[in-house]
Amino acid sequence: MNKPFEERLPFFALGLVVLAIFYGIYFTKMFVQKKHGIQTRQIGKRKEKELHTVERLMSLATGSVVIAQLLSIALDWNYMPSSARFTGFCIGMLGDLVFLVSVICMKDSWRAGIPESDKTKLVTNGIYKFSRNPAFFGFDLMYVGVLLMFFNPVNLIFSLFPIIMLHLQILQEEKYMEATFGKEYLNYKKKTFRYLGNKPTK
């Protein structure tokens, strides 16, 4: 009897594909902005203690999870059935797509971390009509997708860590956006949800 197609899938290769696409988008965008004289990575530049701590921990979390993911892929360390692993691959690819659309819509306003002096625009069009933080949502989808593909205790802990830290970073960024854009951002915040969805206009 033939095995279900999910059991025949090369999850080692598929896991690497999800990661390669995601980080390919990240570093390509960073490279393009650098050519335009824009410093994308602003993590830990600001001196406010709470913000500085959150951004440093976020940087540690998003860096260490890559090691856990690659280790899990290399060892094929997984306790999930093939059907769940395939679902994880689909979620991971969706995360890649959401992240790609997010950085495209942000254009040159995209930053990693809260800028100290750079002036950026408030982007509310495209995918930002449906989520105030689609890039972070893309990160979360990618983490969850790879976790389902290679579910083990180490990958679980190291995936939850950046998801939590990215949420704390969002809360810090909301304070910055309110202080920088004032009423314009508050109006946007009222009608568009933090992660996904918006309130219908009356």
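This text gives an overview of the structure that appears in the document.

Calculation criteria
- Residues numbered from 1 in each chain as written.
- Predicted model: local features only at pLDDT ≥ 70, side-chain atom pairs only at ≥ 80, totals over all residues.
- Heavy atoms only, no water.
- Helix = DSSP H or I, 4+ residues; strand = E, 2+ residues; numbered from the N terminus.
- Buried < 20%, exposed > 50% of the residue type's maximum accessible area, 1.4 Å probe, protein only.
- Expected span 1.5 Å × (residues − 1).
- Contact = heavy atoms within 4.5 Å.
- Polar contact = N/O pair within 3.5 Å; in protein donor to acceptor, adjacent residues only side chain to side chain.
- Core = buried A, V, L, I, M, F, W, Y, C linked by side-chain atoms within 4.5 Å.
- Salt bridge = Lys/Arg side-chain N within 4 Å of Asp/Glu carboxyl O.
- Axes fitted to C-alpha atoms, helices over the stretch in contact; angles between N-to-C directions.
- Parallel < 35°, antiparallel > 145°, perpendicular 65-115°, else oblique.
- Nonpolar A, V, L, I, M, F, W, Y, C, P; charged D, E, K, R; others polar.

**Considerations on the environment of His 52**
Relative to the helices and strands, His 52 resides in helix α2 (residues 49-75). Taking the relative accessible area as the measure of exposure, His 52 reaches 27% and is therefore partly exposed. Sequence spacing of His 52 and Gln 172 is 120 residues, and the spatial spacing of their C-alpha atoms is 10.0 Å.

**A short note on helix α5 (residues 153-181)**
The end-to-end C-alpha distance of α5 is 42 Å, a good match for the 42 Å that 29 residues give at a rise of 1.5 Å each. Those residues of α5 that sit buried are Asn 155, Ser 159, Pro 162, Met 165, Leu 166, Gln 169, Ile 170, Gln 172, Glu 173, Glu 174, Tyr 176 and Phe 181. Next to the buried residues of α5 lie α2, α4 (134-149) and α6 (183-191). For α5, the N-terminal capping position is held by Asn 152, with its side-chain oxygen 3.2 Å away from the main-chain nitrogen of Val 154. One or two steps after α5, the chain reaches Gly 182, where phi turns positive at roughly 55°.

**Examining the nonpolar core**
If you look at the biggest cluster of nonpolar residues, it comprises 27 residues, and the most contacted ones within it are Phe 99, Phe 139, Met 142, Tyr 143 and Met 149. If you tally residues by element for this core, the top one is helix α1 (residues 11-35), at eight residues. Excluding anything up to four places from it in sequence, Met 142 contacts Val 18, Leu 19, Phe 22, Tyr 23, Gln 69, Gly 92, Gly 95 and Asp 96. Counting residues in hydrophobic clusters, the runner-up holds 10 residues, among them Leu 122, Val 123, Ile 127 and Tyr 128.

**A word on the pattern of salt bridges**
This structure, assessed with the given rule, holds four salt bridges. Close ionic contact of Glu 174 with Arg 132 constitutes a salt bridge, the shortest N to O distance being 2.6 Å. Within this pair, whereas Glu 174 is found in helix α5, its partner Arg 132 is found in the loop between α3 (82-106) and α4, the two being separated by 42 residues in sequence. For the pair shown, Glu 174 and Arg 132 are each scored as buried. In this structure, Glu 174 engages Arg 194 in a salt bridge whose closest nitrogen and oxygen atoms are separated by 2.8 Å. Note that Glu 174 is positioned in helix α5 and Arg 194 in the segment after α6, a separation of 20 residues in sequence. Of the residues examined, Glu 174 reaches a relative accessible area of 6% and is grouped as buried. Judged by its relative accessible area of 26%, Arg 194 is partly exposed. Three or more residues are tied together by salt bridges with common partners; here these are Arg 132, Glu 174 and Arg 194.

**A short note on the packing of α5 against α6**
Taken N-terminus to C-terminus, the directions of α5 and α6 make an angle of 130°; their axes are 6 Å apart at the nearest point. As summarised for this structure, α5 and α6 are arranged oblique, according to the angle between their axes. Contact residues: α5 offers Glu 174, Met 177, Glu 178 and Phe 181, while α6 offers Lys 183, Glu 184, Tyr 185, Leu 186 and Lys 189. Here the contact of α5 with α6 is composed, by residue class, of four nonpolar, no polar and five charged.

**Focus: the side chain of Asn 133**
With respect to the secondary-structure elements, Asn 133 resides in the loop between α3 and α4. What makes Asn 133 buried here is its relative accessible area of 10%. Sequence-distant contacts of Asn 133, defined by excluding residues within four places in its chain, comprise Ile 170 and Arg 194.

**With respect to the side chain of Asn 78**
The topology assignment puts Asn 78 in the loop between α2 and α3. Polar side-chain contacts of Asn 78 include one of 2.8 Å to the backbone oxygen of Met 80. With residues up to four places along the chain from it excluded, the contact list for Asn 78 reads Arg 85, Leu 148, Met 149, Phe 150 and Phe 151.

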